[in-house]
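Structural features, examined
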Amino acid sequence: VGQGDCILIRYPFNLDNVLIDTGKPEQFKNVLTFLQAKGISEIQTMIITHDDLDHSGNMDHIAEVFSIKEIVTSHLDVIQSEKLMFLDLNDIENEDKNESSIVLYTEMNQKKYLFMADSDSITEERIIEKYGNLKCDILKLSHHGSNTGSCDRFLDAVQPEISVISSGPYYLYHHPSPAVIQRLLKRHIPYFDTKEEGDMTILFLPGCNIFITS
């Protein structure tokens, strides 16, 4: 979805579809085409991490097209969908929308996932103070790889196997930050950027997970 976030987690046979953010309004056609191509007519849970257009911009449009059982727009300790469960690790609620983003942690097919939304280093430090060395396998970097997040202490704590960046044209916002990329390279953390790789898919299979880029 270019400069924005939109993540679909799909349980086998569409028994549980979770959509994390929706991209900005001009990306609606892409989101709609993608969901329809998966044969999706119902979304069990839609989570809006915070109210920025590049995350929440298609919430109403999607609700008009798909049946949605639950829309989560504020902090809950546990978000329970039909088959999938997420923990919101961020307890910060203030006027800063990014700092107050819903930060999601979940485990699927023996892998640990951490979705950082647009949270910043203050949020990251708070999470580490609260949860300690919260290791994960797949890390969706905060704020499209902006230098406001992905701080040294946080990366040292989570130690992901793979990091994913959702970003748009570099000339618009200069994301991801070269400083963040250097932090990843220093720690030998592979990164994949939607600007370069396109849509990314992780297939959950018995005994393994397959990471696919466009």
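Before reading further, recall that the structure is shown in the block above.
What counts and what doesn't
- Residues numbered from 1 in each chain as written.
- Predicted model: local features only at pLDDT ≥ 70, side-chain atom pairs only at ≥ 80, totals over all residues.
- Heavy atoms only, no water.
- Helix = DSSP H or I, 4+ residues; strand = E, 2+ residues; numbered from the N terminus.
- Polar contact = N/O pair within 3.5 Å; in protein donor to acceptor, adjacent residues only side chain to side chain.
- Pairing = 2+ DSSP bridges.
- Axes fitted to C-alpha atoms, helices over the stretch in contact; angles between N-to-C directions.
- Buried < 20%, exposed > 50% of the residue type's maximum accessible area, 1.4 Å probe, protein only.
- Right-handed = clockwise from strand over helix to strand, strands pointing away.

**Structural notes on the environment of N30**
Of note, N30 is situated in helix 1 (residues 28–37). C-alpha of N30 to C-alpha of V1: the two residues are 29 residues apart in sequence and 7.2 Å apart in space. Only 2.7 Å separates the side chain of N30 from the side chain of Q27, close enough to count as a polar contact.

**Details of the sheet that holds strand 10 (residues 162–165)**
The strand order across the open sheet built from seven strands is 5-6-7-8-9-10-11, with neighbouring strands paired in mixed fashion. Unpaired on one side and paired on the other, strand 5 (78–80) and strand 11 (191–193) mark the two borders of the sheet. Going from strand to strand, the sheet's axes swing by 20 degrees on average, the running direction of each strand aside. Two elements, strand 9 (residues 138–140) and strand 10, share three bridges in a ladder whose sense is parallel. Across the sheet, the residue bridging to K140 is V164, located in strand 10.

**Thoughts on the pairing of strand 3 (residues 42–47)**
Most of strand 3 is tucked away, with five of its six residues classed as buried. Crossover handedness for the path strand 2 (residues 17–20) to helix 1 to strand 3: right-handed. Taken together, the five bridges between strand 3 and strand 4 (residues 67–72) define a ladder with parallel strand orientation. Directly across from I47, in strand 4, lies its bridge partner V72.

**Notes on the sheet that holds strand 1 (residues 7–10)**
With mixed pairing, four strands are arranged side by side in an open sheet as 1-2-3-4. Edge positions in the sheet fall to strand 1 and strand 4, since each of these pairs with one other strand and no more. Mean inter-strand twist for the sheet, computed between neighbouring axes without regard to direction, equals 20 degrees. The pairing of strand 1 with strand 2 spans four bridges and is antiparallel. Following the sheet pairing, L8 is matched in strand 2 by L19.

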